[in-house]
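Here's the letter readout for the chains.
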Amino acid sequence: MKRLTSKQLRIIRILIVVIGILISFCIWLFWSDVINNNALYHVGNGKYGSKIGALLIVLIPLFGLIPCRTDEEIHSEDSMERAELQEKIDKRAEEIQLYVALFCSMVACLVMLGGLFLC
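Residues numbered from 1 in each chain as written. Predicted model: local features only at pLDDT ≥ 70, side-chain atom pairs only at ≥ 80, totals over all residues. Heavy atoms only, no water.

Trainee: Please explain the pattern of salt bridges as it appears in this structure.
Mentor: Should the charged atoms of two oppositely charged side chains come close, the side chains can pair. Scanning the model with the defined rule gives four salt bridges in all. Among the salt bridges present, the one from Asp33 reaches Lys51, with a minimum N-O distance of 3.9 Å. In this pair, Asp33 is assigned in the loop between helix 1 (6-29) and strand 1 (34-36) and Lys51 in the loop between strand 2 (48-50) and helix 2 (79-118), connecting sequence segments 18 residues apart. In this structure, Glu95 engages Arg92 in a salt bridge whose closest nitrogen and oxygen atoms are separated by 3.3 Å. Separated by three residues within a single helix, Glu95 and Arg92 lie in helix 2, roughly one turn from each other. Under the relative-accessibility criterion, Arg92 is labelled partly exposed at 48%. Within this structure, Arg10, Arg13 and Glu94 form a network of salt bridges that share partners. (Salt bridge = Lys/Arg side-chain N within 4 Å of Asp/Glu carboxyl O. Helix = DSSP H or I, 4+ residues; strand = E, 2+ residues; numbered from the N terminus. Buried < 20%, exposed > 50% of the residue type's maximum accessible area, 1.4 Å probe, protein only.)

Trainee: Help me understand the nonpolar core, please; the structure alone is not making it clear to me.
Mentor: In terms of nonpolar packing, the biggest core is built from 10 residues, these being Ile27, Trp28, Trp31, Ile35, Tyr41, Val43, Ala54, Ile57, Val58 and Met112. Sequence-distant contacts of Trp28, that is, excluding residues within four places in its chain, are made with Lys51, Ile52, Ala54, Leu55 and Met112. Membership of the second largest hydrophobic core comes to five residues, among which are Leu9, Ile16, Val17 and Ala101. (Core = buried A, V, L, I, M, F, W, Y, C linked by side-chain atoms within 4.5 Å. Contact = heavy atoms within 4.5 Å.)

Function-wise, these values are silent; they only describe arrangement.
This is the structure:
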């Protein structure tokens, strides 16, 4: 990832979020309409619940879109050096967001797979 720019990293991050949402939604489609409530998956009141409430799990990858910018001041008179330093700061922030998006997408998919086999 050392050769990618911050714009390319942003595009990859958005693609990971969208793919994570789509995969977890496709897994959700295979759930039965009524699920057995247990300690891990509890939707609604009573012994059984609707799978509609589990759609909130599909939104977990959206946490990867939360910006994590630090307000670092750049003290430089040279505009080229200022642009390079700003690109380095933006690239580091995008890398962190990329890792968060990847982690959240994997969590959403694994939780949906667990629900598919446990409910």
